[in-house]
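Reading the structure
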Amino acid sequence: MSVNRSLITPTANPLLEQALREKLQRRSETTGSLGELEPLAVRLGLVQNTLKPRFRAPQLVLFASDHGLAVDGVGVPGGASTAKLVARLLGSQLPVSVFARIQGLELSVVDCGVAEPVAPHARLLARKIAHGTRSSRAAMAMSLDQAHAAIRAGMEIADSLPGNAIACAGIGVGAHASAALVLSRLSDTPLRDFIASGPTMPPEDLNHLVTVLSGAQGRHKDASDPVEVLAAFGGFEMAMMVGVMLVAGSKRHLVIADGMTACAALMVASRIAPAVTDYCVYCRSHGHAGLDRALSLFQASPLLELGMESTDGTGATLAWPLVRSAAALLTEVAEGEDPGPSQPAEMAPPSRAGSLN
């Protein structure tokens, strides 16, 4: 699939949406309302273009890369290196790994551009473009060729993975700052909105981040094309998620975006193919205020608010049972003895319009 010619169809289908809502209304007459699960169920039905959405082989993919901005003191002081974080993920030493296993999500970690060597592992996908990006204060973080190569690698990953649902998150030292730069430029939103973590953030830390990232913004003030912005400020993990999201949308697969880096990737993908956002639901794994602003760009709320401060991807593992339950409202709750159709009568193929599925 070409980056510049996506085949993503909008999910809007008034006939199907009406049928989904009527089906849920019939359920609620006997079971009572299930609140926010019902609009989620409608969303899932529209994503899969059916009255009976079902999921198979769900994937959780964590994309790891280092960022050149880290040399300017961007990142959590004293935090683990990206390579160590990858090792802990693969060794089931973090909650996200354990939660994925018990929820039936197949976990993969992608080495998109980790600066240090990463030991081979059955769940590690080695797709390293380079040993980290350059600092966007000094040069483009990636060359355009590298950005396109990373997007293509993400497309290949999405093509090769089984299933019809994929949760995406990015990890790596400097990833949050890189995502803030991309989101700020593409949405024309003040940078400070994405980097201020909350009222308890020390002013000196915020001022340092503003100084560093404003320098990067000024160096690439003419970048406006989405892939150019990605190359100027982004990371290899972000670029690969762009490719994954574009292919997932083209296949009518559900995308679960968790965290700032995933939101930045989705912003880039949506500038290439606007309909990709139709296929997304959102999660969070930490309370950073900048993520609130990022989610607001998509008029979105996370599926769960648990007050966590954890690795991106953790929220997706905990929200997955909600997604499955919403789909089950339409597929598993019986309507008397009639299993019901998978399409409204007006949408069913002529040869099968009167048959049951």
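Quick summary incoming for the structure in this document. (Residues numbered from 1 in each chain as written. Predicted model: local features only at pLDDT ≥ 70, side-chain atom pairs only at ≥ 80, totals over all residues. Heavy atoms only, no water.)

Before going further, it helps to examine the nonpolar core. In terms of nonpolar packing, the biggest core is built from 123 residues, with Phe-63, Val-242 and Met-245 touching the most fellow members. With 11 residues, helix α10 (residues 236-250) is the largest single contributor of residues to this core. Not counting chain neighbours up to four residues away, the residues in contact with Phe-63 comprise Val-110, Cys-112, Ile-157, Cys-168, Ala-169, Gly-170, Ile-171, Glu-237, Met-240, Met-241 and Val-244. (Core = buried A, V, L, I, M, F, W, Y, C linked by side-chain atoms within 4.5 Å. Buried < 20%, exposed > 50% of the residue type's maximum accessible area, 1.4 Å probe, protein only. Helix = DSSP H or I, 4+ residues; strand = E, 2+ residues; numbered from the N terminus. Contact = heavy atoms within 4.5 Å.)

To continue, consider the state of the cysteines. Counted under the stated rule, the structure contains 0 disulfides. For the unlinked cysteine Cys-112, the closest cysteine sulfur is that of Cys-168, found at 11 Å. Take Cys-112: its relative accessible area is 0%, and that puts it in the buried class. With no disulfide of its own, Cys-263 lies 9.1 Å from the sulfur of Cys-280, the closest cysteine sulfur. The class for Cys-263 is buried, based on a relative accessible area of 0%. (Disulfide = S-S within 2.5 Å.)

Burial in helix α4 (residues 95-102) covers these residues: Val-96, Ser-97 and Ala-100. Down the axis of α4, the smallest arc covering the buried residues is 100°, so these residues share one side. Packed against the buried residues of α4 are β1 (59-65), α3 (82-90), β2 (106-113) and α13 (314-331). Within two residues after α4, Gly-104 carries a phi angle of roughly 80°, on the positive side. (Arc of directions from axis to C-beta.)

Attention now moves to the packing of aromatic side chains. On inspection of all chains with the given rule, the structure shows 2 aromatic pairs. Relative to Trp-320, the ring of Phe-55 has its centre 5.3 Å away and its plane inclined at 70°; by these criteria the two rings are edge-to-face. In this pair, Phe-55 is assigned in the loop between α2 (37-48) and β1 and Trp-320 in helix α13, connecting sequence segments 265 residues apart. A relative accessible area of 22% places Phe-55 in the partly exposed class. Centre to centre, the rings of Tyr-282 and Phe-298 are 5.7 Å apart; their planes meet at 25°, and the pair counts as stacked. With Tyr-282 in strand β6 (residues 280-283) and Phe-298 in the loop between α12 (289-296) and α13, this pair connects stretches of sequence that are 16 residues apart. The same class applies to Tyr-282 and to Phe-298, which are both buried. (Phe/Tyr/Trp six-rings, centres within 6.5 Å; stacked < 30°, edge-to-face > 60°.)

This brings us to α13. Taking 1.5 Å of rise per residue, 18 residues should cover 26 Å, and α13 covers 27 Å from first to last C-alpha, within 8% of that figure. The largest bend in α13 amounts to roughly 30° and is located at Trp-320, with the proline Pro-321 lying one to four residues further along. Of all the residues in α13, the buried ones are Thr-314, Gly-315, Ala-316, Thr-317, Ala-319, Trp-320, Val-323, Ala-326, Ala-327, Leu-329, Leu-330 and Thr-331. (Expected span 1.5 Å × (residues − 1). Bend = angle between axes of the 7 residues up to and from the residue.)

Looking now at the environment of Ser-81. In this fold, Ser-81 is placed in the loop between β1 and α3. Ser-81 sits 35 residues away from Glu-116 along the chain, and the two C-alpha atoms are 8.9 Å apart. Once you skip the residues sitting within four places of it in the chain, Ser-81 turns out to touch Glu-116 and Val-173. A distance of 3.2 Å separates the side chain of Ser-81 from the backbone nitrogen of Lys-84, its partner in a polar contact. (Polar contact = N/O pair within 3.5 Å; in protein donor to acceptor, adjacent residues only side chain to side chain.)

Pairing within the open sheet is parallel, and its 6 strands lie in the order β3-β2-β1-β4-β5-β6. Where the open sheet ends on each side, the last strands, each with one partner, are β3 (124-126) and β6. Going from strand to strand, the sheet's axes swing by 25° on average, the running direction of each strand aside. (Pairing = 2+ DSSP bridges. Axes fitted to C-alpha atoms, helices over the stretch in contact; angles between N-to-C directions.)

Moving on, we get to the pairing of β6. Note on strand geometry: in a regular strand, side chains alternate between the two faces of the sheet. Residues Cys-280 and Tyr-282 of β6 are buried on one face, and the alternating residues Val-281 and Cys-283, pointing to the opposite face, are buried as well. Two strands pair when backbone bridges link them, and strand β5 (residues 254-258) and β6 are joined in this way by 4 bridges, in the parallel orientation. Following the sheet pairing, Asp-258 is matched in β6 by Cys-283.

Looking now at the packing of helix α6 (residues 175-187) against helix α8 (residues 203-219). One can describe the packing of α6 onto α8 by two numbers: an axis separation of 11 Å at closest approach and a directional angle of 50°. Our classification of the angle between α6 and α8 gives oblique. When you trace α6 past α8, the crossing you get is right-handed. Contacts between α6 and α8 pair Ala-177, Leu-181, Ser-184 and Arg-185 from the former with Leu-213, Ala-216 and Gln-217 from the latter. Looking at side-chain class alone, the contact of α6 with α8 contains 4 nonpolar, 2 polar and 1 charged residues. (Parallel < 35°, antiparallel > 145°, perpendicular 65-115°, else oblique. Left-handed = near helix turned anticlockwise from the far one by under 90°. Nonpolar A, V, L, I, M, F, W, Y, C, P; charged D, E, K, R; others polar.)

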